[in-house]
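As a plain string of letters, each chain reads:
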Amino acid sequence: MIKALGLVLPLLTILALGSCKPGEISDELARFTDEDSLARLAEVPVESMILLSLLGHQAMGDLPDLGEGGRKLSSFGKSYLVEVPWEVLPDLAATPGLNSVVIWGNSDLATKMDARLRLTMLSRVSGPELRETPLAVVARFSGDVLDLRHSLEKLGAAPRSVNAGVVTMDATVDVLLEILARSDLVSLAKPIQHMPLRSE
């Protein structure tokens, strides 16, 4: 209970600074998202765009207007990855047929991922079993990389190789969302599978 209050209070403070009604947004989002998402949302400045995914059931209709600068980045069935301004959150949370919302963070995170990884992560957040299945990724980090393996392991990733800031590892979507928030992350991508050469 105390942990939940610690997450909601910063969120309400940020919402109060914007043009949205704090109660309306927090009440709606609380029905569709989780504490980690609310914590990531609380870290996004009110003047920034938010990167989030929505999952709807088969009867879910079209998405509402995504607001000024808002756009859809990827879709997988009835799952959508969008970046939107703060004021659009109430309309998104009120979308008919919505099942869940996952806040990824500041929309700048989208530039750190390649399109293939964004789509794969979007498909993985659509169900609990897929969400817990690790993905193979290649990450590039800047700065001091001496303790990189240990810090990634503490987040829950399973590094396979670490070399001069380039890491190959396996991690779940939720762990990747934590890694994406790191200031030293340069890029995150799916590894390219090379087909073996065949002799005729």
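Remember, it's a predicted structure, so these values are computed and weren't measured experimentally.

**Student:** So what's going on with the sheet that holds strand 5 (residues 135-141)? Residues and values would help.
**Tutor:** Strand order in the open sheet made by the four strands is 6-7-5-8, with antiparallel pairing throughout. Every other strand in the sheet has two partners, leaving strand 6 (158-163) and strand 8 (185-189) as the edge strands with one partner each. Direction aside, neighbouring strands of the sheet carry axes that sit 20° apart on average. Inspection of the sheet shows strand 6 paired to strand 7 (residues 166-171) by five bridges, in the antiparallel sense. In the sheet register, Asn-163 faces strand 7, and the bridge partner there is Val-166. Its contacts with the sheet put helix 7 (residues 148-155) on strand 5, strand 6 and strand 7, and the angle it makes with strand 6 is roughly 160°.

**Student:** Help me get a handle on the layout of surface pockets, residues and values and all.
**Tutor:** Roughly 170 Å³ of volume is contained in the largest pocket. The wall of the largest pocket is formed by Arg-40, Glu-43, Val-44, Trp-104, Gly-105, Asn-106, Leu-109, Leu-177, Glu-178 and Ala-181. Those elements that place two or more of their residues in the lining of the largest pocket are strand 4 (98-106) and helix 8 (173-180). The element contributing the most residues to the lining of the largest pocket is strand 4, with three residues. Residue composition of the lining of the largest pocket, by class: five nonpolar, two polar and three charged.

**Student:** Please set out the pattern of salt bridges residue by residue, giving values where relevant.
**Tutor:** Side chains bearing opposite charge may pair, as long as their charged atoms lie close to each other. Enumeration over the complete set of coordinates arrives at seven salt bridges. Close ionic contact of Asp-34 with Arg-131 constitutes a salt bridge, the shortest N to O distance being 3.5 Å. Of this pair, Asp-34 sits in the loop between helix 2 (22-32) and helix 3 (35-42) while Arg-131 sits in helix 6 (residues 128-131), and the two are 97 residues apart along the sequence. Here Asp-114 and Arg-116 are joined by a salt bridge, their closest N and O atoms 3.8 Å apart. For Arg-116, a relative accessible area of 41% corresponds to the partly exposed category.

Reading the values: the criteria
Residues numbered from 1 in each chain as written. Predicted model: local features only at pLDDT ≥ 70, side-chain atom pairs only at ≥ 80, totals over all residues. Heavy atoms only, no water. Pairing = 2+ DSSP bridges. Helix = DSSP H or I, 4+ residues; strand = E, 2+ residues; numbered from the N terminus. Axes fitted to C-alpha atoms, helices over the stretch in contact; angles between N-to-C directions. Contact = heavy atoms within 4.5 Å. 1 Å grid on protein atoms, 1.4 Å probe; cavity = no way out; pocket = protein on both sides within 12 Å on 5 of 7 lines; lining within 4 Å. Points joined across faces, edges and corners; volume = space filled by probe spheres on them. Nonpolar A, V, L, I, M, F, W, Y, C, P; charged D, E, K, R; others polar. Salt bridge = Lys/Arg side-chain N within 4 Å of Asp/Glu carboxyl O. Buried < 20%, exposed > 50% of the residue type's maximum accessible area, 1.4 Å probe, protein only.

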